[in-house]
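Architecture at a glance
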Amino acid sequence: MDRIVVRGGRRLTGEVTLSGSKNSTLALMAAALLTDDEVVLRNVPRVRDVDGLLAIFEALGAKAGWDPQDSHAVRINASTVCRYEAPYDLVRKMRASFMVLGPLVTRFGQARVSEPGGCAIGVRPIDQHLKGIEALGGKTHLDHGYVEVSGAPLVGVNFSFDITTVNGTQNVMMAATLAKGETVLENAAREPEVVELVEVLRKMGADIEGEGTARIVIRGVERLHGVEHCVAGDRIEAGTLLCAAAVTHGDVWIHGASAETMGATLEKLREIGVEITVQGDSIRARVPNGLHGTHVTTAPYPGFATDMQAQIMALLLVAEGSSVVTEKVFENRFMHVPELQRLGADITLDGRSAHLRGGAKLMGAPVMATDLRASAGLLVAALAAEGETTVHRVYHIDRGYERIEEKLKSLGADIRREG
Ligand code: EPU
């Protein structure tokens, strides 16, 4: 099993280009099930989650794979789909695959998708996905760990989510694109990945408005057609690299970013003492003076992203003064805390809040990656730690970051992957 070894203390400088957004890509791939035509996605990150979803497409009978002519493009043709089941072994590895449910039901009138189960960051129920699909007329039935849904054609409805859910919004919205009549989704997620999905669905012929607000209106159409789309840069990778630059008091430009989608992250970094400069699709982070502690509370977009919580916590460990990091989106997203403590971090957990005493001298140690963003937080901390940190179980990182160690190395980090 691969591990990443970091020798901390090197100041990061230089420029790096982002990969495409992992989370956008996964939703956009699911949308390919809504049409018989080919869907081509470019700027797709070479990460394990994309391969995981490709495996599900294969199980469904779709033609789907990496484009031999373009190493960062996937081509999906769902005209050959002949099975409607996403099996447990594939879904449990990646919850996002539950997003095939809405498209399968609305297009083929049936779907059987394994319940994803819990994961390292919390219970993560799927009740809102199912409530939305049921509101559209889908008949759901639980069968030996599988959710079975039947009932085409779906019919438009007014539906309000009880909580804000990103993949839930995407799933139900996709189902509504081919439903009969108008669907109004209230309390919808406003994340940039929802907005990008709407943009692509619209290019495919869908009639949708309201993306980026909590009220999305979808008027069902008879059919959708193919599309070619270049995926936006990954805002979480961007934030991770900015934290990595800041924790080493470095000076780094990242290219391919969209600063408008990163408001809360950039605001917090500035508050901590990081000088942020935005020029077109490039963002520079440098630390002219010291770093100081602050309070961070995660929330649905446009709030501070839960996917950036571990990384900003790592950065706050080296800032002067105390900080409080509160996790409001997931109930168990502090798995990185005991690992950070192994590096010498002074953190006390109190329910959903972590109290940090900053300015600690971090020391390298072997640590264990527990989930994707926790691993990213460990890498950020390792860059500032004295001596060598070995991050084990890096397959978690490979789920969502493409060659992160090469990108950090190109900025001057002393980092290597060992097999
Ligand atoms: N929730 C429910 N019921 C549902 C759905 C969600 O109670 O039916 C709860 C969840 O348990 C959680 C909260 O609602 O407490 C928000 O979860 P959400 O549904 O928004 O998360 P998600 O859509 O499953 C996506 C990202 C996550 C990211 C969250 C929040 C993808 C593939 N995943 O998950 O990304 O943390 O939104 O922004 O888009 C990651 O990239 O590392 C990652 C975990």
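Structure's up top.
Attention in this report is confined to the structure presented alongside it. (Residues numbered from 1 in each chain as written. Predicted model: local features only at pLDDT ≥ 70, side-chain atom pairs only at ≥ 80, totals over all residues. Heavy atoms only, no water.)

A count of helical and extended segments in the protein chain gives 14 helices and 24 strands. Over its C-alpha atoms the protein chain spans a radius of gyration of 21 Å, differing by no more than 12% from the 22 Å that the globule rule assigns to 419 residues. Here the protein chain holds 419 residues, and the buried ones make up 55% of them. Across the protein chain, contacts joining residues at least 24 apart in sequence account for 73% of those joining residues at least 6 apart. Only carbon and sulfur atoms are counted for the fraction: they give 47% of the accessible area of the protein chain, which is about 15700 Å². Within the protein chain, one finds 45 positive and 53 negative side-chain charges whose respective centroids are separated by 2 Å. (Helix = DSSP H or I, 4+ residues; strand = E, 2+ residues; numbered from the N terminus. Rg over C-alpha atoms; globule rule 2.2 N^0.38 Å. Buried < 20%, exposed > 50% of the residue type's maximum accessible area, 1.4 Å probe, protein only. Contact = heavy atoms within 4.5 Å. Areas by Shrake-Rupley, 256 points an atom, 1.4 Å probe, with all protein chains shown as cover. Lys, Arg positive; Asp, Glu negative; His and termini not counted. Charge placed at Lys NZ, Arg CZ, Asp CG, Glu CD.)

With that out of the way, let us pick up the sheet that holds strand β12 (residues 207–209). Hydrogen bonds between backbone atoms are what pair the strands of a sheet, whose relative direction is either parallel or antiparallel. Strand order in the open sheet made by the 4 strands is β10-β11-β13-β12, with mixed pairing throughout. Pairing within the sheet leaves two strands with one partner each, and these edge strands are β10 (158–160) and β12. Going from strand to strand, the sheet's axes swing by 15° on average, the running direction of each strand aside. Along the sheet, helix α6 (residues 166–177) contacts β11 (182–186), β12 and β13 (215–219); its crossing angle with β13, the most-contacted strand, is approximately 25°. (Pairing = 2+ DSSP bridges. Axes fitted to C-alpha atoms, helices over the stretch in contact; angles between N-to-C directions.)

Contact geometry of helix α8 (residues 235–247) with helix α12 (residues 372–384) gives a least axis separation of 8 Å together with a crossing angle of 20°. Between α8 and α12, the angle is such that the two are roughly parallel. Crossing angle aside, the handedness with which α8 passes α12 is right-handed. Of the residues in α12, those in contact with Ile236, Thr240, Cys243, Ala244 and Val247 of α8 are Arg373, Ala376, Val380, Leu383 and Ala384. (Parallel < 35°, antiparallel > 145°, perpendicular 65-115°, else oblique. Left-handed = near helix turned anticlockwise from the far one by under 90°.)

All right, on to the nonpolar core then. Counting residues in hydrophobic clusters, the biggest one holds 72 residues, and the most contacted among them are Ile254 and Leu408. In terms of residue count, α8 provides more of this core than any other element does, 9 residues in total. Among residues more than four places away in sequence, those in contact with Ile254 are Val16, Leu18, Ala238, Leu241, Leu242, Asp281, Ser282 and Ile283. Counting residues in hydrophobic clusters, the runner-up holds 69 residues, among them Val47, Val74, Val172 and Leu185. (Core = buried A, V, L, I, M, F, W, Y, C linked by side-chain atoms within 4.5 Å.)

So, on to the side chain of Thr370. Take Thr370: it is sitting in the loop between β22 (366–368) and α12. In this view, Thr370 contacts Ala120, Met335, His336 and His396; residues no more than four positions away in its chain are not counted.

For the rest of this paragraph, the subject is empty space enclosed by the protein. Per the stated rule, a full pass over the model turns up 3 cavities of 30 Å³ or more. Each pocket or cavity is described by its volume, and for the largest cavity that value is around 40 Å³. When residues of the lining of the largest cavity are traced back to their parent elements, those giving at least two are α10 (309–317) and α12. Class assignment for the residues of the lining of the largest cavity results in 2 nonpolar, 3 polar and 3 charged. (1 Å grid on protein atoms, 1.4 Å probe; cavity = no way out; pocket = protein on both sides within 12 Å on 5 of 7 lines; lining within 4 Å. Points joined across faces, edges and corners; volume = space filled by probe spheres on them. Nonpolar A, V, L, I, M, F, W, Y, C, P; charged D, E, K, R; others polar.)

In this structure the tally under the stated criterion is 2 aromatic pairs. With a centroid separation of 5.2 Å and 45° between ring planes, the pair formed by Tyr84 and Phe108 is classed as tilted. One end of the pair, Tyr84, is in the loop between β5 (70–77) and β6 (85–86); the other, Phe108, is in helix α4 (residues 101–108), and 24 residues separate them in sequence. You can call Tyr84 partly exposed: its relative accessible area is 22%. Judged by centre distance (5.0 Å) and plane angle (85°), the rings of Phe159 and Phe161 are edge-to-face. The side chain of Arg112 reaches across the aromatic face of Tyr146, ending 4.2 Å from its centre. (Phe/Tyr/Trp six-rings, centres within 6.5 Å; stacked < 30°, edge-to-face > 60°. Lys NZ or Arg CZ within 6 Å of the ring centre and 35° of its normal.)

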